[in-house]
Amino acid sequence: MALLQLVAFFTLAACCMARSPPGKPFPDFLLQTPLSCNDSEVLAVAGFALQNINKDQKEGYMLSLSRVHDVHRHYQEEMGSVFYLTLDVLETGCHVLSRKAQKDCRPRILHESVYGQCKAMFHINKPRRVLYLLAYNCTVRPVSRRKIHSICPDCPSPADLSNPSVLEAATESLGKFNREHPSKQYSLVKVTKATSQWVVGPAYFVEYLVKESPCSQSQASCSLQPSDSEPVGLCQGSLVQAERSKKFITVTCEFFESQAQVPGGENSAVTQESKKLPEADEASQKNTAPTSSPSIMAPRGSVQHLPELNEPEGSEEKSPEEAFPVQLDLTTNPQGDTLDVSFLYLGPEEKKLVVLPFPGKERRSAECPGPATETSPMLLPP
Ligand SMILES: *[C@@H]1O[C@H](CO)[C@@H](O)[C@H](O)[C@H]1NC(C)=O
Ligand SMILES: *[C@@H]1O[C@H](CO)[C@@H](O)[C@H](O)[C@H]1NC(C)=O
């Protein structure tokens, strides 16, 4: 009987080894399992990952999910799983400093769209209530102006942020805001978005960050050094020049929720391992306990902004790797490496996760990419 089993084992091994072509990157037992990109758990994990990517940013706009492009899960028994996610994303109108809820942030309208792809490695251990973004990288580009022009010749087009007219539009509109709200004065931090269009004359539309100004309006020549205070809000303004030097100025400002930090509050949160799922992750990210391994956890990723893709008409489309290059590899060892994640878990024992090279698109799941949310095909990475 035992012999039979042994024979069966060898037959099985022979079959499976024979099936693997030489040079196949992973032994079968290490394979990440492809999942459906429309699976409800996958969509939930993608949402957590993107929420954490947004939280990790210091500048720019929050990203929203347009679809899951590809997903693999590497199940590791009592350590839970590592998800390897490729996400197609769209920039929203919410600045990352606004810390708005994802559901309140809509993607930009078509001609202002910025779109791209993120790769993320996300650790989830449901019984231990751990949700942790291990690493990510994203690449985004503005929508092709040529493609927009072909369907909307009169749409505003992106303006160079260093254009003096852009700065003028920002200062004029902020001046209007300050005149209308004299109790507190704001000053310009930086312009974050600008478009221009011909209306009755040149028109500039701008978005910019503002901070509280130490000078009140009554102090005509204020000599106080500008404080290096944080941006407190995002304003949208426009300046339309008409004939006979007539100007039309608009402005609206939205102020960020204040993020009052309770001293010691962050660390005390870490000591409760069993927090609700989304917060558990936040707490663990901020963990500064001496057991953490900052070498791996320090910069977990970044969002790279590239210029628009402008293939001349009729030329071949760029390959997906050229169009949206996103590199994410915590290891290049085909057998994988271990990552110490003890700091995510309470208790003295060491907790290690196996991380593998990011799966390539040749192993894409049959049910991927998933359905896109109300998105024009021109905003989907290839
Ligand atoms: C995705 O899943 C939802 C609900 O689970 C279903 O209604 C929808 O038809 C699915 N879409 C695709 C393209 O499979
Ligand atoms: C993220 O991308 C940058 C280049 O944009 C690369 O240098 C870095 O190694 C990438 N991170 C990982 C973990 O692969």
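The coordinates are above.
Given the structure is predicted, the values throughout are model-derived calculations rather than measurements.

1. Regarding the pairing of strand 10 (residues 247–255)
Item 1. Taken together, the nine bridges between strand 9 (residues 233–241) and strand 10 define a ladder with antiparallel strand orientation. By the bridge assignment for strand 10, Q241 is matched with K247.
Item 2. A loop of five residues connects strand 9 with strand 10, the two strands running antiparallel in sequence, and R244 in this loop sits at a positive phi of about 50 degrees.

2. Some words on unusual backbone geometry
Item 1. Of note, the amide linkage connecting C368 to P369 takes the cis form, showing an omega dihedral of -5 degrees.
Item 2. Within the chain, E77 stands out as a residue other than glycine whose phi angle is a positive 50 degrees.
Item 3. By the secondary structure assignment, E77 is in the loop between strand 2 (61–75) and strand 3 (81–95).
Item 4. With a relative accessible area of 57%, E77 lands in the exposed category.
Item 5. Positive phi values are uncommon outside glycine, yet R129 reaches one of about 55 degrees.
Item 6. Along the chain, R129 turns up in the loop between strand 4 (114–125) and strand 5 (130–142).
Item 7. Taking the relative accessible area as the measure of exposure, R129 reaches 40% and is therefore partly exposed.

3. Brief notes about the packing of aromatic side chains
Item 1. For the structure shown, the criterion picks out six aromatic pairs.
Item 2. On the basis of an interplanar angle of 85 degrees and a centroid distance of 5.7 Å, the ring pair of Y132 and F343 is categorised as edge-to-face. In this pair, Y132 sits in strand 5 while F343 sits in the loop between strand 12 (337–340) and strand 13 (352–355), placing the two residues 211 residues apart along the sequence. Each member of the pair, Y132 as well as F343, carries the same accessibility label: buried.
Item 3. Here R108 stacks its cationic end above the ring of Y61, 4.4 Å away from the centre of that ring.
Item 4. For K351, the ring lying beneath its charged end belongs to Y345, and the centroid distance is 5.6 Å.

4. Side note on the layout of surface pockets
Item 1. Each pocket or cavity is described by its volume, and for the second largest pocket that value is around 780 Å³.
Item 2. Every element with two or more residues in the lining of the second largest pocket is listed here: strand 2, strand 3, strand 5, strand 7 (186–198) and strand 11 (303–305).
Item 3. Ranked by the residues each element gives to the lining of the second largest pocket, the list is headed by strand 7, at six residues.

5. Description of the site of ligand 2
Item 1. N137, Q327, L328, D329 and L330 make up every residue found near ligand 2.
Item 2. D329 places a polar main-chain atom, nitrogen or oxygen, 3.0 Å from an oxygen atom of ligand 2.
Item 3. Protein contact buries 56% of the 360 Å² of open area that ligand 2 shows by itself.
Item 4. Class assignment of the residues belonging to the shell around ligand 2 gives a composition of two nonpolar, two polar and one charged.

6. Here we look at the environment of S157
Item 1. By secondary structure assignment, the location of S157 is in strand 6 (residues 157–158).
Item 2. Sequence separation between S157 and S196 is 39 residues, and the spatial gap between their C-alpha atoms is 5.6 Å.
Item 3. Other than its neighbours up to four places away in sequence, S157 contacts R145, A194, T195 and S196.

7. Re helix 2 (residues 40–55)
Item 1. Taking 1.5 Å as the rise per residue, helix 2 with 16 residues should run 22 Å; its terminal C-alpha atoms sit 23 Å apart, in good agreement.
Item 2. Where helix 2 is concerned, the buried positions are V42, V45, A46, F48, A49, L50, N52, I53 and N54.
Item 3. Its side-chain oxygen at 2.8 Å from the backbone nitrogen of E41, D39 defines the N-terminal cap of helix 2.

8. Notes on a nonpolar patch on the surface
Item 1. Taken together, V199, V200 and F248 make up a surface patch of nonpolar side chains, about 260 Å² in accessible area.
Item 2. With a relative accessible area of 44%, V199 lands in the partly exposed category.

9. Topic: the sheet that holds strand 1 (residues 33–34)
Strand pairing in a sheet relies on backbone hydrogen bonds, with the paired strands running either antiparallel or parallel.
Item 1. On the basis of which strands lie adjacent, the open sheet formed by six strands has the order 1-2-3-4-5-11 and mixed pairing. Among the strands making up the open sheet, the edge pair consists of strand 1 and strand 11.
Item 2. Examined bridge by bridge, strand 1 and strand 2 share two bridges and lie antiparallel to one another. Residue pairing for strand 2: T33 is matched across the bridge by R73.
Item 3. Along the sheet face, helix 2 touches strand 2, strand 3, strand 4, strand 5 and strand 11 and points at about 130 degrees away from the line of strand 2.

10. Concerning the state of the cysteines
Item 1. Enumeration over the complete set of coordinates arrives at five disulfides.
Item 2. Paired by a disulfide, C94 and C105 hold their sulfur atoms 2.2 Å apart. Taking the sign of the torsion about the S-S bond as the criterion, the disulfide between C94 and C105, at about -105 degrees, is left-handed. Here C94 is found in strand 3, whereas its partner C105 is found in the loop between strand 3 and strand 4, with 11 residues between them in sequence. In this pair, the class of C94 matches that of C105, namely buried.
Item 3. The disulfide that involves C152 links it to C155, with 1.9 Å between the sulfurs. On the sign convention where negative is left-handed, the bridge of C152 and C155, at about 95 degrees about the S-S bond, is right-handed.

Criteria and cut-off values
- Residues numbered from 1 in each chain as written.
- Chains lettered and ligands numbered in written order.
- Predicted model: local features only at pLDDT ≥ 70, side-chain atom pairs only at ≥ 80, totals over all residues.
- Heavy atoms only, no water.
- Pairing = 2+ DSSP bridges.
- Helix = DSSP H or I, 4+ residues; strand = E, 2+ residues; numbered from the N terminus.
- Buried < 20%, exposed > 50% of the residue type's maximum accessible area, 1.4 Å probe, protein only.
- Phe/Tyr/Trp six-rings, centres within 6.5 Å; stacked < 30°, edge-to-face > 60°.
- Lys NZ or Arg CZ within 6 Å of the ring centre and 35° of its normal.
- 1 Å grid on protein atoms, 1.4 Å probe; cavity = no way out; pocket = protein on both sides within 12 Å on 5 of 7 lines; lining within 4 Å.
- Points joined across faces, edges and corners; volume = space filled by probe spheres on them.
- Near = heavy atom within 4 Å.
- Polar contact = N/O pair within 3.5 Å; in protein donor to acceptor, adjacent residues only side chain to side chain.
- Areas by Shrake-Rupley, 256 points an atom, 1.4 Å probe, with all protein chains shown as cover.
- Nonpolar A, V, L, I, M, F, W, Y, C, P; charged D, E, K, R; others polar.
- Contact = heavy atoms within 4.5 Å.
- Expected span 1.5 Å × (residues − 1).
- Patch = residues over 30% accessible without salt bridge, like charges linked within 9 Å, V, L, I, M, F, W, Y side chains within 5 Å.
- Salt bridge = Lys/Arg side-chain N within 4 Å of Asp/Glu carboxyl O.
- Axes fitted to C-alpha atoms, helices over the stretch in contact; angles between N-to-C directions.
- Disulfide = S-S within 2.5 Å.

By themselves, these observations are geometric and do not establish any function.
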